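Here is what each chain is made of, one letter per residue.
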Amino acid sequence: MKERIITILIFFVIVASSFYFGFHRLENFSGVDEPYWSYDRVPKFWKNIKEMDWKHTVISDKPGIPLAIVSGAGLPFIDGNPKNLKSLRFEPKTPQQIKEIRDVYFKLRLPVFLFTLAMLPVFYFLIKKLLGKRTARFSLLFIGLSPVLLGISLIINSDAILWILTALSTLSLFVFLKNSEKKYLILSGFFLGLSVITKYVANILFVYFFLIFLLEYIFYAYQEIPIAKYLKHVLRNYAILFTTAMTTAFVFFPATWVKFSVLIDATVGNEVFSSTWPLFVGIIGLLALDAFVFKAKISGLVFNFLAKYRALIAKA
């Protein structure tokens, strides 16, 4: 009971401080590219959803879909069309126009701000599963009271959502590696799918997660399971992770329903990933070939050698 009260108090302190330092700032400043989201991209996304114009829900190269979904929760509370204020960006404004602009920013930023706070219990739950209550509480304090993270939760920007989704995807994968419960692997894929349609840079996690699976063998699993059997497990689990991520991206990105190539362009086919994926897919293909055809004879030599020098690898 005492521990539960402490945890509740930590949440209360974080929420109270966030509202104290952040709430009044929701309407009082403007980020560099926020006008693109507030006046154009977010209203455009929901206008196209309303009209079932799925093709034109491509609102940005980010692509920024989860941001538009979250921020768009404030649109019904705005009087008029935010796009009408776009022409005033570089013009003198009347007090009434300034009031309208502040109202738009406040109502589109507030959902992002509240979403950030709502995700803190998820952080706590996953970190507690991974490292225990004590570490989860300290982590929650450092995350929830970080001035940088509080600041980014006050703007309409893909990065305001990205750090949450990528971190939760990573934590979910680590929890899966610890307890082997498939639901956390699927949860990791779900957050990864949302990450890649938030901002293209999240595609690097496809590579990072596969390397994590391989490092798991070098540091821990080499004593418990033959490499051939382990690689088969890895390839199956990675396929589940990848499929879940791509399915999630497909479901939440309406433009992909009309043209499937939009999904590829937004994820593994994105320009930021174009120079990496041939090598990456080639490595996975060679590992699969070695595991299923040659019983991991080559992989066994490589990974057993690396396992001998795992302490040096860790230091490096």
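Residues numbered from 1 in each chain as written. Predicted model: local features only at pLDDT ≥ 70, side-chain atom pairs only at ≥ 80, totals over all residues. Heavy atoms only, no water.

Colleague: I would appreciate a short explanation of the overall build of the chain in the present structure.
Modeller: For the chain, the count of helices and strands is 16 helices and zero strands. Once the C-alpha set of the chain is aligned to its principal axes, its extents read approximately 75 × 55 × 30 Å. Across the 316 residues that make up the chain, the buried fraction comes to 47%. Considering only contacts within the chain whose residues lie at least 6 apart along the sequence, 75% involve residues at least 24 apart. Accessible surface, the chain as shown: approximately 16800 Å² in total, 68% of it carbon and sulfur. The positive charge centre, built from 35 side chains, and the negative charge centre, built from 19, are 10 Å apart in the chain. (Helix = DSSP H or I, 4+ residues; strand = E, 2+ residues; numbered from the N terminus. Buried < 20%, exposed > 50% of the residue type's maximum accessible area, 1.4 Å probe, protein only. Contact = heavy atoms within 4.5 Å. Areas by Shrake-Rupley, 256 points an atom, 1.4 Å probe, with all protein chains shown as cover. Lys, Arg positive; Asp, Glu negative; His and termini not counted. Charge placed at Lys NZ, Arg CZ, Asp CG, Glu CD.)

Colleague: Please clarify how empty space enclosed by the protein should be interpreted in this entry.
Modeller: Which parts of space are left empty comes out when a probe the size of a water molecule is rolled across the atoms. With the rule as written, the count across this model stands at one cavity of 30 Å³ or more. Taken together, Ser18, Phe113, Thr116, Leu117, Leu120, Ile143, Gly144, Ser146, Leu149, Leu150, Ser153 and Trp163 form the lining of the largest cavity. Of all elements in the fold, only helix H4 (95-131), helix H5 (133-144) and helix H6 (147-152) reach the threshold of two or more residues within the lining of the largest cavity. Classifying every residue of the lining of the largest cavity gives seven nonpolar, five polar and no charged. (1 Å grid on protein atoms, 1.4 Å probe; cavity = no way out; pocket = protein on both sides within 12 Å on 5 of 7 lines; lining within 4 Å. Points joined across faces, edges and corners; volume = space filled by probe spheres on them. Nonpolar A, V, L, I, M, F, W, Y, C, P; charged D, E, K, R; others polar.)

Colleague: Teacher, can you tell me more about the packing of aromatic side chains here?
Modeller: A ring pair, where both rings are aromatic, is described by two values, the distance of the centres and the angle of the planes. Tallied over the full model, the rule gives 21 aromatic pairs. Centroid distance Tyr208 to Phe209: 5.8 Å. Interplanar angle 45 degrees. Geometry classified as tilted. Classification of Tyr208 as partly exposed rests on a relative accessible area of 35%. Centroid distance Tyr217 to Phe303: 6.1 Å. Interplanar angle 90 degrees. Geometry classified as edge-to-face. (Phe/Tyr/Trp six-rings, centres within 6.5 Å; stacked < 30°, edge-to-face > 60°.)

Colleague: Help me understand the layout of surface pockets in this model?
Modeller: Of the pockets and cavities examined, the largest pocket occupies roughly 390 Å³. Looking at the largest pocket, it is lined by 16 residues, and the ones nearest its centre are Pro43, Lys44, Trp46, Lys47 and Asn81. Residues that form the lining of the largest pocket fall into these classes: seven nonpolar, three polar and six charged. The calculated volume of the second largest pocket comes to roughly 340 Å³. If you trace the second largest pocket, you find 15 residues lining it, with Leu177, Ser180, Glu216, Ala221 and Tyr230 closest to the centre. Elements with a minimum of two residues in the lining of the second largest pocket: helix H7 (158-179), helix H9 (204-219) and helix H10 (227-252). With five residues, H10 is the largest single contributor of residues to the lining of the second largest pocket. Among the residues making up the lining of the second largest pocket, the classes are represented as eight nonpolar, three polar and four charged.

Colleague: Explain the side chain of Asn157 here, please?
Modeller: Its place among the elements puts Asn157 in the loop between H6 and H7. Note on Asn157: relative accessible area 11%, which makes it buried. Only 3.1 Å separates the side chain of Asn157 from the side chain of Asp33, close enough to count as a polar contact. Polar side-chain contacts of Asn157 include one of 2.9 Å to the backbone nitrogen of Asp159. (Polar contact = N/O pair within 3.5 Å; in protein donor to acceptor, adjacent residues only side chain to side chain.)

Colleague: What am I meant to see in helix H8 (residues 182-196) here?
Modeller: Owing to its 3.6 residues per turn, the α-helix brings residues three or four apart onto one side. Here H8 is 15 residues long and its end C-alpha atoms lie 21 Å apart, about the 21 Å a rise of 1.5 Å per residue gives. Regarding H8, the residues found buried are Tyr184, Leu185, Ser188, Gly189, Phe191, Leu192, Gly193, Leu194, Ser195 and Val196. Turning to H8, the residues buried within the fold contact helix H3 (65-71), H4, H7, H9, H10 and helix H12 (261-266). (Expected span 1.5 Å × (residues − 1).)

Colleague: Can you help me understand the pattern of salt bridges in this one?
Modeller: Oppositely charged side chains can pair when the atoms bearing their charge come close. Counted by the stated rule, this structure contains six salt bridges. A salt bridge links Glu51 to Lys47; the nearest nitrogen and oxygen atoms lie 3.1 Å apart. On the basis of relative accessibility, which here comes to 46%, the residue Glu51 falls in the partly exposed class. Linking Asp103 and Lys107 is a salt bridge whose minimum nitrogen-to-oxygen distance equals 3.0 Å. Here the residue Asp103 and the residue Lys107 both occupy positions in helix H4, the gap between them amounting to four residues, near one helical turn. (Salt bridge = Lys/Arg side-chain N within 4 Å of Asp/Glu carboxyl O.)

Colleague: When you look at the packing of H8 against H9 in this model, what are you seeing that I'm missing?
Modeller: The packing of two helices is summarised by the inter-axis angle and the distance between the axes. Running from amino to carboxyl end, H8 crosses H9 at an angle of 155 degrees, the nearest separation of the two axes being 11 Å. Considered as vectors, H8 and H9 are oriented roughly antiparallel to each other. Residue-level inspection shows Leu185, Ser188, Leu192 and Val196 of H8 in contact with H9, the latter providing Leu205, Phe206, Phe209 and Phe213. Of the residues in the contact of H8 with H9, the class split is seven nonpolar, one polar and no charged. (Axes fitted to C-alpha atoms, helices over the stretch in contact; angles between N-to-C directions. Parallel < 35°, antiparallel > 145°, perpendicular 65-115°, else oblique.)

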